[in-house]
Amino acid sequence: MSTLEDFKSGKVLLIDKPLEWTSFQVVNKLRWHIRKCFDIKKIKVGHAGTLDPLASGLLIICTGKQTKSIETYQGQIKEYTGTFVLGATTPSYDLETEVDNTYPTAHITNDAIHNTTAQFLGKIQQKPPIFSAIKKDGKRLYELARQGKTTEIKAREIEIFEFEITKINNLHIDFRVVCSKGTYIRSLAHDFGQALQSGAHLAALRRTKIGDFSVDKAQSIDEFIENLPK
């Protein structure tokens, strides 16, 4: 069982983030319970890479002196699984916003879906979604997007190491992606739809790995709280 000294000298916690929680909410929850458990006013707690509220899966949380290592974990290769829906786009590229356009899908074959993944392998230029936490002129892009303001977003280089279609169920496409830091799977969904001469958006996302860390070894928020000293 962890002691206060363990948390202060630095722990790396693997948490399975639930749907609809922000990464910041998870950090706040854990910090609050650590402080309450040990009756302390302050403890450093931070996460190593944001997961969108509509995504679940592996979140690396660092405490105490380990917070200095956050950038190391942020830079590691990540693995995701999830589902694209073909034939429709949304402004946020996922289910945060309503469908804004629909597109023909009759021309799309299973072979075309599998073959299109090859276009995205290796180093590619990717534009982040307008609904993202990237800052421009001191404001986060999603704040501007929610105000209806358009802004030019520069493409950035990312790398896709593996891109596999694991299941095709009509317009629902299950996938597995291994990628570099800075990759937006929502943008990948959007661009994948365009490459198929249609549209697509992200319907589900789960982060399964960060470097050598796997979500299989992660605990839920409730399990973490349960394991704190009574």
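Cut-offs used in this document
- Residues numbered from 1 in each chain as written.
- Predicted model: local features only at pLDDT ≥ 70, side-chain atom pairs only at ≥ 80, totals over all residues.
- Heavy atoms only, no water.
- Helix = DSSP H or I, 4+ residues; strand = E, 2+ residues; numbered from the N terminus.
- Rg over C-alpha atoms; globule rule 2.2 N^0.38 Å.
- Buried < 20%, exposed > 50% of the residue type's maximum accessible area, 1.4 Å probe, protein only.
- Contact = heavy atoms within 4.5 Å.
- Areas by Shrake-Rupley, 256 points an atom, 1.4 Å probe, with all protein chains shown as cover.
- Lys, Arg positive; Asp, Glu negative; His and termini not counted.
- Charge placed at Lys NZ, Arg CZ, Asp CG, Glu CD.
- Pairing = 2+ DSSP bridges.

Draft legend 1. Molecular detail of the overall build of the protein chain. For the protein chain, the helix and strand inventory stands at seven helices and 13 strands. Against the globule reference of 17 Å for 230 residues, the protein chain gives a C-alpha radius of gyration of 19 Å, in line with a compact fold. Dimensions along the principal axes, computed over C-alpha positions, put the protein chain at roughly 60 × 40 × 30 Å. For the protein chain, buried positions account for 45% of its 230 residues. Within the protein chain, contacts between residues separated by at least 24 positions form 71% of all contacts whose residues are at least 6 apart in sequence. When the accessible surface of the protein chain is split by element, carbon and sulfur atoms take 48% of a total near 12400 Å². The average position of the 32 basic charges and that of the 27 acidic charges among the side chains of the protein chain differ by 9 Å.

Draft legend 2. A look at the pairing of strand β11 (residues 172–179). Along β11, six of the eight residues are buried, which leaves the element largely enclosed by surrounding structure. Two strands pair when backbone bridges link them, and strand β4 (residues 78–86) and β11 are joined in this way by eight bridges, in the antiparallel orientation. Across the sheet, residue K78 finds its bridge partner in β11, namely C179. Sheet topology note: the strand β10 (residues 156–169)/β11 ladder contains eight bridges and is antiparallel. Residue pairing across strands places I168 opposite I173, the latter belonging to β11. Following β10, the chain reverses through two residues before pairing antiparallel with β11; N170 in that reversal takes a positive phi of roughly 55°.

The values reported here are purely geometric and, on their own, carry no functional implication.
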